[in-house]
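Listed below are the residues making up each chain.
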Amino acid sequence: MRVLLVHPSPLMYSEIFLRLEPLGLERVAAAAREAGHEVRVIDLQVLRHKDLRAAVRCFRPEVVGFSLNYLANIPEAIDLSRAIKRDLPDCFVFFGGHSVSFVADDVLRQAEGCVDAVVRGEGEPAMAPLLEAVRDGGLAQVPGIVTADGWGPAPKMLHSIDSPMPARDLMRHRRRYFIGELDPCASIEFTRGCPWDCSFCSAWTFYGRSYRKASPRAAAEELASIQEPNVFIVDDVAFIRPEHGDAIAAELEKRRIRKQYYLETRADVLLRNTEVFERWTRLGLRYMFLGMEALDAEGLDLFRKRVNPDDNFRALETARRLGINVAINLIVDPAWDEERFRLVREFALSVPEIVHLTVMTPYPGTEIWHTESRRLTTRDYRLFDIQHAVVPTTLPLDRFYAELVRTQSVINRKHLGLRTAFGAARVLGDRLLHGQTNFARMLWKFNRVYNPDRQLADHRRPVRYELPLPPGAPVGNRRELYIHTKQSPRSGPSPRPLGGPAADQAQ
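Residues numbered from 1 in each chain as written. Predicted model: local features only at pLDDT ≥ 70, side-chain atom pairs only at ≥ 80, totals over all residues. Heavy atoms only, no water.

Draft legend 1. Focus on the environment of P184. If you trace the backbone, P184 turns up in the loop between β9 (178–179) and β10 (186–188). Taking relative accessible area as the criterion, P184 reaches 8% and is therefore assigned buried. Along the primary structure P184 and N230 are separated by 46 residues, whereas in three dimensions their C-alpha atoms are 6.5 Å apart. (Helix = DSSP H or I, 4+ residues; strand = E, 2+ residues; numbered from the N terminus. Buried < 20%, exposed > 50% of the residue type's maximum accessible area, 1.4 Å probe, protein only.)

So this is what it looks like as structure tokens:
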């Protein structure tokens, strides 16, 4: 069958700081190709809607799948699906991905027939049975399937994340992917899942707190196959198991693989496994994203980070000693007033690290979705991008955005302006000589992308698609939040789950 897979357009944050290779979609594409299908991929991060229309017209796919890891992309995907169905009424259109897995029923209802199914859970093990069922029948028995008729069997998890290898050859514009000055930059996955249970995160609920590791040999072989000089390690928390990080490092040393790396981890993991991170600096580890989330113990307890402020600051000192450039993330509480914003600005100016701000957002699949969703000021999918406030703010909304952007502009003054361009002249010149303009464009885009008027205007857009509300009852057993479980209670076709359209109508 002819299969077209689509990644939606970039969100506000990725207009400046990064544009990541759609690794999950590449792996799903590989699974479909291994099952004998002809596959193409359109990444709307680097292409335009007209390119998708041209692909539909020329390729005439029999199946189109949209990757929806972000809620904010759901309206775009529904509208594009409607257009595809107009041109190809018999084409089977499905959605899959992290975020849509938590709101499958509601999205199908809102799509009004232009989306045939949502696949919940991991996409790789679902692709072969899904495409076989589209061709031969038996859709209701596909693991993770949700259709207008109800739920199929529970989603399946990959036994090993060693395969399938991402179909990187299907990406037309690989040089458009970057993160900061790592330009161009590929992505790789060493582990999948997270054993922690932060209240604002849905990674642990999606994977049911499971944690799987790629074999060191497979990880090294994949890295050896990557042409880009820079690699982003996409693990939710890198090097939780020091022996695993060491084993991959040994394989890279044996093969003499040298690249520059960017990864994400936690302060306690960095402190506990410092020797592993030090070894990786010798292999090219240059950048680290550290989710501090809050500066005080009260904030850390609220988000259930299971770490204390002293550990966070000791981790920063450790990273500095190792020569790793750190980007810190802090979660902005909508309850912040002007004084709290001022204190955060002082902190951001007092440390050499980059400080990123993300707005506290209750996402389906998180615990705070069940505690905060009754306070929502909007259910517009498009505003759920961690750059907009979707619950009441202590400050008037226009003042909140003014303070937020004023604080975020610290990043611009410290790291993205002309001073940085001169300081990074060698890096910038090297990128431009090789035709890489992503880093150069980033240096001056901040004020155009981040401004209070734009963010406030986003709230005034007409809303066609809205998030569902969760059921009124609090979460009793946290396993009820899981997408993947060892033994799912929904092991076969069943009525719509709690929180679907019937529950929504009962609010």
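Further notes follow.
Draft legend 2. Broad picture of the packing of aromatic side chains. Under the criterion given, the structure shown has 16 aromatic pairs. Considering the side-chain rings of F200 and F303, the 5.6 Å spacing of their centres and the 85 degrees angle between planes classify their relative orientation as edge-to-face. In this pair, F200 sits in the loop between β11 (191–192) and α6 (203–206) while F303 sits in the loop between α11 (297–302) and α12 (309–322), placing the two residues 103 residues apart along the sequence. In terms of burial, F200 and F303 fall into one category: buried. Here the aromatic rings of F239 and W280 are separated by 5.0 Å at their centres, their planes lie at 35 degrees, and the arrangement is tilted. Of this pair, F239 sits in the loop between β13 (230–233) and α8 (242–255) while W280 sits in helix α10 (residues 274–283), placing them 41 residues apart in sequence. Residue F239 is classed as buried on the basis of its relative accessible area, which comes to 5%. (Phe/Tyr/Trp six-rings, centres within 6.5 Å; stacked < 30°, edge-to-face > 60°.)

Draft legend 3. Molecular detail of the sheet that holds strand β17 (residues 354–359). Spatially, β10-β13-β14-β15-β16-β17 is the arrangement adopted by the six strands of the open sheet, whose pairing is parallel. The open sheet has two edge strands with one neighbour each: β10 and β17. Across this sheet, the average inter-strand angle for adjacent strands is 25 degrees, counted without regard to direction. Bridging between strand β14 (residues 260–265) and strand β15 (residues 285–293) involves five bridges; their strand directions are parallel. By the bridge assignment, E264 is partnered in β15 with F289. Taken strand by strand, helix α13 (residues 338–350) contacts β15, β16 (325–332) and β17, and its axis lies near 175 degrees from that of β16. (Pairing = 2+ DSSP bridges. Axes fitted to C-alpha atoms, helices over the stretch in contact; angles between N-to-C directions. Contact = heavy atoms within 4.5 Å.)

Draft legend 4. View of the sheet that holds strand β6 (residues 117–119). One open sheet accounts for seven strands, arranged β3-β1-β4-β5-β6-β7-β8; its pairing is mixed. In this open sheet, the two strands that pair with only one neighbour each are β3 (38–43) and β8 (150–151). The pairing of strand β1 (residues 2–7) with β3 spans six bridges and is classified as parallel. Within the sheet, the bridge partner assigned to H7 lies in β3 and is D43. Those strands touched by helix α2 (residues 49–59) are β1 and β3, and its axis lies near 175 degrees from that of β1.

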